[in-house]
Amino acid sequence: MALHGGDIYRNKVEIDFSVNGNPLGVPQSVREALLRAVGQCSAYPDMETAALKEAVARMLAVPKEYLLFGNGASELFMAVVHGIRPKKTVIPAQCHLDKDNIAVRILFTASKHFVYSL
């Protein structure tokens, strides 16, 4: 069985860096933004994230073409690998399991290198 981080229901986890959780809890400003946005929850999100790209590009003072948004790290890894199309790659053995699957799905040679911490 594959072990995935974030499974706090079957594993004793104090700090988990494999998920986007905030150990400090949900900030009050986020709670308020969620309440303001609840009426839009039935709308399907913009798959090209146009408004988000515009806002973040302005905030960071970068061209919107520099920005890539996705629904989690696995989707972004897949997009980058599809864009680059490498012939070979290195996957550290202790990385998230989906990275192996991405390498296989895109059909390039993946070399595993075990990384040990002392």
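Scroll up a little and you will see the structure.
Residues numbered from 1 in each chain as written. Predicted model: local features only at pLDDT ≥ 70, side-chain atom pairs only at ≥ 80, totals over all residues. Heavy atoms only, no water.

Caption draft 1: The arrangement of the overall build of the chain in detail. Within the chain one finds four helices and two strands. Looking at the chain residue by residue over its 118 residues, the buried ones come to 11%. Taking contacts inside the chain between residues at least 6 apart in sequence as the whole, the part at least 24 apart equals 19%. Carbon together with sulfur atoms contributes 61% to the accessible area of the chain, which is approximately 10400 Å² in total. (Helix = DSSP H or I, 4+ residues; strand = E, 2+ residues; numbered from the N terminus. Buried < 20%, exposed > 50% of the residue type's maximum accessible area, 1.4 Å probe, protein only. Contact = heavy atoms within 4.5 Å. Areas by Shrake-Rupley, 256 points an atom, 1.4 Å probe, with all protein chains shown as cover.)

Caption draft 2: Local environment of a nonpolar patch on the surface. A grouping of I8, Y9 and V13 is seen on the molecular surface, where their side chains present a nonpolar patch of about 330 Å² in accessible area. Mapped onto the elements, Y9 comes out in the segment before α1 (28-37). (Patch = residues over 30% accessible without salt bridge, like charges linked within 9 Å, V, L, I, M, F, W, Y side chains within 5 Å. Salt bridge = Lys/Arg side-chain N within 4 Å of Asp/Glu carboxyl O.)

Caption draft 3: Focus on unusual backbone geometry. If you check the backbone angles, T49 has positive phi at about 45° while not being a glycine. Locating T49 in the fold gives a position in the loop between α1 and α2 (50-60). You will see that A61, though not glycine, has its phi angle at about 55°, which is positive. Relative to the helices and strands, A61 resides in the loop between α2 and α3 (73-84). Judged by its relative accessible area of 69%, A61 is exposed.

Caption draft 4: Structural view of the pattern of salt bridges. What the rule picks out here adds up to one salt bridge. Across the pair E54 and K64 runs a salt bridge, and its minimum N-O distance is 2.9 Å. Here the residue E54 occupies a position in helix α2, and K64 occupies one in the loop between α2 and α3, the gap between them amounting to ten residues. Assessed through its relative accessible area of 33%, E54 is described here as partly exposed.

Caption draft 5: Seen up close, α3. Here α3 contains twelve residues, and its C-alpha end-to-end distance of 16 Å stays within 8% of the 16 Å for a straight helix at 1.5 Å per residue. Note on α3: the residue one or two positions beyond its end, R85, has a positive phi of about 55°. (Expected span 1.5 Å × (residues − 1).)

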